[in-house]
Amino acid sequence: KLSPGWEEAALFKARILLSQKEPQKARAFYESFLDRNPGATSVRLNYARFLIDQKEWQKALEEFKRVAAAVPNDADTIYAVGLLSLQNNRLDDAEKYLKQALALRPQNDQARLYLGQVAEQSKRYPEAARWYREISNGEYYFEAQVRLGVVTARQGDLAAARRLLDGIDVQNDAQRVQVALAQEQILREAKQYREALEVLNAAI
C-alpha cells in the first residue's frame, strides 16, 4: 500500500503464491501488477519465465519481446527471445535475436549452434556449415560436428560427410549412437538404404 509499484515486493508476493501452489492467483497478480506498472521490467521478466513453466510459449515470447524492447542490451533476455522464436518456428525472428545475442556475448556458442539450425531448416546449408565450423571446442563442439556432417551431405558431398562423421572423437555410448544415427540419416536421404541398414546393424 505504501509503495504500489515496488517491484521487489511484487516479486516476493508472486513467489509466495507459487510456493502455495496457486498458479492461477500468481498469474492474476502478475497481470494486474503489470497493467498498473507496464514498465516493471523485473516483474515482466519473471512473468515470462512463469509462462514458460506453464508451457505457454507464444505468450511467453510476447512478454520477453516487451522486456527486450525495454532493455535492448540485455544478452540473456535477447537470447531467450531467440530461443522462444525458434520454438515457435518463427525462423526470421529467431535469427535476428540470436545474432543480436551473439553480438552482445560473442562467446555464446549455443547461439551459433541454434543459428546453424535456423539456416539448416531454411535449407541454407553453406551458411549452416559456417555457423557449425565457428564452434571449435567446448560443450557444443560434438553436436556442431555431427550437424556439420549432415549439412555437408545435403550439399552433395556424401563421401566428405562420412569422413567427417567417422573422424569425430566420441566420448561415450550416447555420442556413438548420435554419430551412427547421423550416418544412417545421410545414407537414407541419399537413398542408399542397404548401407544405412549396415550402419545401424554395426552400431547395434
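Everything below is about the structure printed above this text.
These figures come from a predicted structure and were not determined experimentally. (Residues numbered from 1 in each chain as written. Predicted model: local features only at pLDDT ≥ 70, side-chain atom pairs only at ≥ 80, totals over all residues. Heavy atoms only, no water.)

*Asks:* Sorry, what's going on with the packing of helix H2 (residues 23–36) against helix H3 (residues 41–53) here?
*Replies:* When two helices pack together, you describe them by how their axes are tilted relative to each other and by the distance separating the axes. Packing of H2 against H3 leaves a shortest axis separation of 10 Å and a crossing angle of 145°. Handedness of the crossing formed by H2 with H3: left-handed. Seen from H2, the contacting residues are Pro23, Arg27, Tyr30, Glu31, Phe33 and Leu34; seen from H3, they are Val43, Arg44, Asn46, Tyr47, Phe50 and Leu51. Classifying every residue of the contact of H2 with H3 by side-chain character gives 8 nonpolar, 1 polar and 3 charged. (Axes fitted to C-alpha atoms, helices over the stretch in contact; angles between N-to-C directions. Helix = DSSP H or I, 4+ residues; strand = E, 2+ residues; numbered from the N terminus. Left-handed = near helix turned anticlockwise from the far one by under 90°. Contact = heavy atoms within 4.5 Å. Nonpolar A, V, L, I, M, F, W, Y, C, P; charged D, E, K, R; others polar.)

*Asks:* Sorry if this is basic, but what is going on with the pattern of salt bridges here?
*Replies:* If the charged atoms of two oppositely charged side chains come close together, the side chains can form a pair. Considering all chains together, one arrives at 18 salt bridges under this definition. In this structure, arginine 44 engages glutamate 63 in a salt bridge whose closest nitrogen and oxygen atoms are separated by 2.7 Å. With arginine 44 in helix H3 and glutamate 63 in helix H4 (residues 57–70), this pair connects stretches of sequence that are 19 residues apart. The class for arginine 44 is buried, based on a relative accessible area of 6%. Residue glutamate 63 is classed as buried on the basis of its relative accessible area, which comes to 5%. Between arginine 154 and glutamate 120 there is a salt bridge, with the nearest N and O atoms lying 3.0 Å from each other. Of this pair, arginine 154 sits in helix H9 (residues 141–154) while glutamate 120 sits in helix H7 (residues 109–121), placing them 34 residues apart in sequence. Residues joined by salt bridges that share partners form a network here, namely Glu95, Lys99, Arg124 and Glu127. (Salt bridge = Lys/Arg side-chain N within 4 Å of Asp/Glu carboxyl O. Buried < 20%, exposed > 50% of the residue type's maximum accessible area, 1.4 Å probe, protein only.)

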